[in-house]
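# Architecture at a glance
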Amino acid sequence: MPLSLRLAPSPTALASSTGGFGPVKKKQCRIPYSGLATTRIGLCSLDYGKRVDSSVVRCSLETVNVSVGQVTEVDKDTFWPIVKAAGEKIVVLDMYTQWCGPCKVIAPKYKDLSEKYEDVVFLKLDCNPENRPLVKELGLRVVPTFKIFKDNKVVKEVTGAKYDNLVEAIETARSAAGSSG
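Figured I'd write up the structure that's included with this text. (Residues numbered from 1 in each chain as written. Predicted model: local features only at pLDDT ≥ 70, side-chain atom pairs only at ≥ 80, totals over all residues. Heavy atoms only, no water.)

Structurally, S114 can be placed in helix α2 (residues 101–116). From its side chain, S114 meets the backbone nitrogen of Q70 in a polar contact 3.5 Å long. In terms of polar contacts, S114 uses its side chain to reach the backbone carbonyl oxygen of K111, at 2.5 Å. For S114, the contacting residues outside a window of four places in its chain are G69, Q70, V71 and F122. (Helix = DSSP H or I, 4+ residues; strand = E, 2+ residues; numbered from the N terminus. Polar contact = N/O pair within 3.5 Å; in protein donor to acceptor, adjacent residues only side chain to side chain. Contact = heavy atoms within 4.5 Å.)

Our next topic: the state of the cysteines. The tally for this structure, following the rule as stated, stands at 1 disulfide. Bridging C100 to C103, the disulfide has an S-S length of 2.4 Å. The disulfide joining C100 to C103 has a torsion of about 80° about its S-S bond and is therefore right-handed. Here C100 and C103 have matching classes, each one buried. In this structure C127 is a free cysteine whose sulfur lies 8.0 Å from that of C103, the closest cysteine sulfur available. By relative accessible area, which is 15% here, C127 ends up buried. (Disulfide = S-S within 2.5 Å. Buried < 20%, exposed > 50% of the residue type's maximum accessible area, 1.4 Å probe, protein only.)

Structure follows, in structure tokens:
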């Protein structure tokens, strides 16, 4: 059963003056395409106009379908909107690299976990140079690293390809979510 997360692009999401996040004045958000993607979640970009104070945030998708039993690939632009849209759901992020042997070994097991825990959102982030700002923000030191989020905050972290520790961390986060909700 697919879980639809509605991403409502905010005109305050990006700031041209700061080069990052913060309030934006006189900006507009356009959604030129409202179709569904299968592998990429969406792409928000800040296009600068001819004048310095002119910019447009464009988002390629309005609705994101994150399917249960599936791991969804994210990037620096799509990660936080998905985590925020997940609301009270537990979100597990696998931070990996293409060249990492242990990352490749645990990937099929991570996919199996996504099929087992239908109440949890499973994401993957390739820690490549394009995603470096998010990787730094999340404080990555080793790969693979699994971060478990609840209400937009990291509640658990597992470093290394330690399957049993990852299962225990997910179970702990689910138990805490069940007792507080």
